[in-house]
Amino acid sequence: MAERLLGIETSCDETSAAVLRIEGGRPVLESLVILSQDVHRVFGGVVPELASREHLRTIGPVTDRALAEAGVELGQLDGLAVTAGPGLVGALLVGLMYAKGLSFGLGKPYLGVHHLEGHLFAPTLEDLELAPPFVALLVSGGHTLLLDVEGWGRYRLLGQTLDDAAGEAFDKVGTLLGLEYPAGAEIERLAREGKPGRFRLPRSMLHTLDQAGDQRFAFSFSGLKTAVLRAVKASTDVARDRPDLARDFQDAVIEVLVEKTARATEELGRTVAVLGGGVACNRALADALRERLQGIARVAVASPRLNTDNAAMIAAAGAWRLARGERSGMDLEPFDSGPLPGMVLG
Ligand code: KG4
Ligand code: ZN
């Protein structure tokens, strides 16, 4: 039986809705609308109160547009999936209340989805062969997690960041270099013009891989950010040095992410490694991981539109849980942090 779901995502600064049909167990994306909030640019970061107001203003039109693009009426939906957390609580609340209202009004079930489980499901929308087990590196503006995905819903946490998330590091370094927020894509562009190796930036926590203990697959990016700050202060011409700084910073981040992901993949004997989250849009990262894992494992990465925050990935994760009979109640509240459902510590 075909199932048709409406997905909704409002955890940060993207208002997104998608219609996803599951046909013979396979996802068919019927529409995806992503509206990125512009208001935050001038503030150099997301302002939670403004994000909530923007979601409130646009959630209706964005959903209507997703339904119209799919050629679907509300009555043709079989259920809804919505991000319940982690994220900005006021922003999440808008999408969650909207989904609850539709669920109640239509008499159709809904499910609150963990945002990171959405990122994990994103590549399955394009890569129909992709299935666990695999190792996954989730790198976004808020999280950096290395997981062993034993099965859907069975996640073993191998390591995470002890301070800044990888995307956060890109954005903070972007601010140091005088770039607009979010800076990930611009740093990647600048890095292509930069000469490598001029600045000796630290490969933070790379050495823990060869030490026994629970920090082997942990990450840390705040020291790297401070090293960039020092280099910027010491520079006599930041505009001239910007591409080289971007290059060395990106190389430092990529080296640690790639080596830890590759070692986990090898040690666990996995034949697939998944890259997910906004930072997975970085081509240099995906290329470096592919090169490192050549002959060992296949690297699966979604296209950029599905890697940054979007409702299609939320619908994909929700579809799997709804199909197992899971349902959320009207008492579900948004949450700002919390582990993936089914996650155990490595
Ligand atoms: O997953 P996402 O859209 O939102 C969160 O859940 O956080 O990730 C956004 C993050 C931002 O920090 C942004 O700078 C980063 O992803 N990003 C990139 C690139 N494109 C987006 N980082 C590095 N290289 C990119 N090409
Ligand atoms: Zn995200």
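Above this note sits the structure.
Residues numbered from 1 in each chain as written. Chains lettered and ligands numbered in written order. Predicted model: local features only at pLDDT ≥ 70, side-chain atom pairs only at ≥ 80, totals over all residues. Heavy atoms only, no water.

Colleague: So, the pattern of salt bridges: which residues are in play, and what are the values?
Modeller: A full pass over the atoms with the stated rule returns 35 salt bridges. The closest approach of N and O atoms between Glu193 and Arg189, which form a salt bridge, is 3.0 Å. Remark: Arg189 and Glu193 occur in helix α5 (residues 184-193); sequence separation between them is 4 residues, near one turn of the helix. Overlapping salt bridges bring together Asp210, Arg216, Glu259, Arg263, Glu266, Glu267 and Arg292 as one network. (Salt bridge = Lys/Arg side-chain N within 4 Å of Asp/Glu carboxyl O. Helix = DSSP H or I, 4+ residues; strand = E, 2+ residues; numbered from the N terminus.)

Colleague: Just give me the short version of the sheet that holds strand β7 (residues 144-151), but keep the residues and values in it.
Modeller: Reading across the sheet, the 6 strands line up as β10-β9-β6-β7-β8-β11 and stay open at both edges, with mixed pairing between neighbours. Only two strands of the sheet have a single partner each, and these edge strands are β10 (298-301) and β11 (343-345). For this sheet the average axis-to-axis angle between neighbouring strands, irrespective of direction, equals 30°. By the bridge criterion, 4 bridges tie strand β6 (residues 134-139) to strand β9 (residues 272-276) in an arrangement that is parallel. Of the residues in β9, the one forming a bridge with Leu137 is Leu275. Helix α7 (residues 238-268) contacts β6, β7, β8 (154-160) and β9 of the sheet and is inclined by roughly 160° relative to β6. (Pairing = 2+ DSSP bridges. Axes fitted to C-alpha atoms, helices over the stretch in contact; angles between N-to-C directions. Contact = heavy atoms within 4.5 Å.)

Colleague: Kindly report on the environment of Leu158, identifying the contributing residues and their values.
Modeller: Here Leu158 is to be found in strand β8. A C-alpha to C-alpha distance of 21 Å links Leu158 and Asn307, two positions 149 residues apart in sequence. Setting aside residues up to four positions removed in sequence, Leu158 forms contacts with Leu146, Leu147, Asp148, Phe217, Ala264 and Leu268.

Colleague: Describe helix α1 (residues 48-70), with residues and values.
Modeller: Here α1 is 23 residues long and its end C-alpha atoms lie 31 Å apart, about the 33 Å a rise of 1.5 Å per residue gives. The largest bend along α1 measures about 45° and falls at Thr58, with the proline Pro61 one to four residues further on. Ala51, Ser52, Glu54, His55, Thr58, Ile59, Gly60, Val62, Thr63, Ala66, Leu67 and Ala70 are the residues of α1 that are buried. Buried residues in α1 make contact with β1 (3-9), β2 (14-23), β3 (26-36) and α2 (89-106). Just past α1, the residue Gly71 takes up positive phi, approximately 65°. (Expected span 1.5 Å × (residues − 1). Bend = angle between axes of the 7 residues up to and from the residue. Buried < 20%, exposed > 50% of the residue type's maximum accessible area, 1.4 Å probe, protein only.)

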